[in-house]
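Chain and residue survey
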Amino acid sequence: MITWSSDVPLEELRAYQLKCINEQVFRLFRCSRRYRSLCGGTIETLDSFSDFENLPFFSSDDIISAGTDMVCVPQREIRRIVSLKTSGTENVKRIYFTFGDIERNISFFDEGMRPLCTAGDTVMIFMPGAAPDGISGQLSEGLSRFGAIPVRYGLISDYGEAALRCSQLKPNTIVGLPVPVRRLALTAPEIRPRNVLLSADYVSPSVADTVSRVWGCEVYLHYGLTESCYGFAVECPYHSGMHIRNDEFYVEIIDPSSGLPLPCGEEGIITFTTLRREAMPLVRYRTGDVGYLTEEPCGCGSKLPRLARVSGREKALSRRPNINEIDDILFALDDVLDYRASYGSGVLSLELLLRPGAELCGPERVLQEKYEELTIQTELWTGEQLPGKRALEYRD
């Protein structure tokens, strides 16, 4: 049986994936009026990936408008429903999972976390989700299965308290969102875990480099999203791309203009098809994230394509300035802990949370060097924490 870490020949993997795709497509076609409509009312066996590439794409809008029409199991088999508001709207996207869907993701966390920790190691989890089947709960269960000791802390609101807990528990591994973990490293450089896993948001190279330098640790990257049941792809100790859950997902990189698949090495929209999803199969689902695949052999021995890098959201990257650029600039400066920004009429305005004693002139100077054509306005945030997640708001 093929598992997510199986190092099988690519031809064998693709045959398995095409078989699974056919099963998912026909199942969704039978259950969903929405999908039958997208397919024009007919569907045929897919004999090749060329046939598969003629299928329509799925998007968040399809999930929002279709609702339970895309659910392919009886309601009694639904274990978890995740409701998400789409950015800038009141629309709600609901994703459905069975026990089997969740169990396979926990198995991925079980196997995927083993390079970072072993039995008896404490793992601090600075991630959201109090529900048992949320991301923290699934990760905790996966860690517990091989004897690691998970500590579900939640999102950090008090960095002093979080640092104290780490000093008491001395975690081998820390898992969390990139920007809060970076701030924790700068707040408490003495913690020094051996490994850090960053996930659930865009990871600026500046953030990963700072965490690694300050704590002297290895930094691993994980890419996942709610639609994938959180787990999707994770780095191994060789850090040459994120190994994809090939037993669960077939991944395409799509040209945003033409809608055609791109070869390895070319950047486009990360698009996936579920292979064993029970509750809510997704076919050619455009994530809205930009990235590319690499097929260079990994030091671990795998020759399968991997997710080389995720550059951010398509909508964000289409504008300048964008939040990813600002992350790369500001989070290279140890004095900057967090920020909020807005842009309009040629003016980039920022509220900056700085380390005690730091001044605005440093961040202002590097931003002006990057954006010579813009007016840069900075303001010092004097509270302990900026309200909400860092953001870039466009005023026009």
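What this report covers is the structure whose coordinates are included nearby. Given the structure is predicted, the values throughout are model-derived calculations rather than measurements.

Here we look at the overall build of the protein chain
- When you go through the protein chain residue by residue, the secondary structure sums to 12 helices and 17 strands.
- Relative to the 2.2 N^0.38 estimate, which gives 21 Å for 396 residues, the radius of gyration of the protein chain is 22 Å and therefore close to what a compact globule would have.
- Structurally, the protein chain occupies a C-alpha span of about 65 × 55 × 40 Å along its principal axes.
- A separation of at least 24 residues holds for 61% of the contacts in the protein chain among residues at least 6 apart in sequence.
- With 43 positive and 55 negative side-chain charges, the protein chain shows a spacing of 5 Å between the two charge centroids.

Details of unusual backbone geometry
- Backbone torsion omega between R320 and P321 reads 0°, so that peptide bond is classified as cis.
- With respect to the helices, strands and loops of the structure, P321 is situated in the loop between α10 (314-317) and α11 (323-330).
- One non-glycine residue, A200, adopts positive backbone phi at about 70°.
- Following the sequence through the fold, A200 ends up in the loop between β6 (195-198) and α9 (205-215).
- The residue C229 is not glycine, and still its phi comes out positive at about 70°.

Remarks on the nonpolar core
- Counting residues in hydrophobic clusters, the biggest one holds 72 residues, and the most contacted among them are Y35, M113, L143 and F232.
- Among the elements that line this core, the one with the most residues is helix α1 (residues 10-31), at 8 residues.

Some remarks on the packing of aromatic side chains
- Counting across every chain of the model gives 13 aromatic pairs.
- Pairing F232 with F249 gives two aromatic rings, centres 4.8 Å apart and planes at 25°, and the pair type is stacked. A residue pair is termed long-range when its members are at least 10 positions apart, and F232 in the loop between β7 (218-223) and β8 (233-235) and F249 in strand β10 (residues 249-254) qualify at 17 residues.
- Given a relative accessible area of 0%, F232 falls into the buried group.
- In this structure F249 comes out as buried when scored by relative accessible area, which is 1%.
- Through pairs of rings, three or more aromatic residues link up here, namely Y223, F232, F249, F272 and Y285.
- Here R284 stacks its cationic end above the ring of F52, 5.3 Å away from the centre of that ring.

A word on the pairing of strand β5 (residues 173-176)
- Taking every second residue as pointing to the same face, both faces of β5 are buried, with T173 and V175 on one and I174 and G176 on the other.
- Where strand β3 (residues 122-126) lies against β5, 4 bridges are found, and the strand directions are parallel. Bridge pairing in β5 places M124 opposite I174.
- Taken together, the 4 bridges between β5 and β6 define a ladder with parallel strand orientation. Paired with G176 across the two strands is L198, which belongs to β6.
- What joins β5 to β6 is helix α8 (residues 178-187), and the crossover it makes is right-handed.

Let's talk about the packing of helix α5 (residues 99-112) against helix α6 (residues 135-144)
- Between α5 and α6, the shortest axis-to-axis distance is 8 Å and the interhelical angle comes to 60°. If you check the angle between α5 and α6, you find them oblique. Here α5 runs over α6; the crossing is right-handed. Contacts between α5 and α6 pair I102, N105, I106, F109 and D110 from the former with I135, Q138, L139, E141 and G142 from the latter.
- By residue class, the composition of the contact of α5 with α6 is 5 nonpolar, 3 polar and 2 charged.

What counts and how
Residues numbered from 1 in each chain as written. Predicted model: local features only at pLDDT ≥ 70, side-chain atom pairs only at ≥ 80, totals over all residues. Heavy atoms only, no water. Helix = DSSP H or I, 4+ residues; strand = E, 2+ residues; numbered from the N terminus. Rg over C-alpha atoms; globule rule 2.2 N^0.38 Å. Contact = heavy atoms within 4.5 Å. Lys, Arg positive; Asp, Glu negative; His and termini not counted. Charge placed at Lys NZ, Arg CZ, Asp CG, Glu CD. Core = buried A, V, L, I, M, F, W, Y, C linked by side-chain atoms within 4.5 Å. Buried < 20%, exposed > 50% of the residue type's maximum accessible area, 1.4 Å probe, protein only. Phe/Tyr/Trp six-rings, centres within 6.5 Å; stacked < 30°, edge-to-face > 60°. Lys NZ or Arg CZ within 6 Å of the ring centre and 35° of its normal. Pairing = 2+ DSSP bridges. Right-handed = clockwise from strand over helix to strand, strands pointing away. Axes fitted to C-alpha atoms, helices over the stretch in contact; angles between N-to-C directions. Parallel < 35°, antiparallel > 145°, perpendicular 65-115°, else oblique. Left-handed = near helix turned anticlockwise from the far one by under 90°. Nonpolar A, V, L, I, M, F, W, Y, C, P; charged D, E, K, R; others polar.

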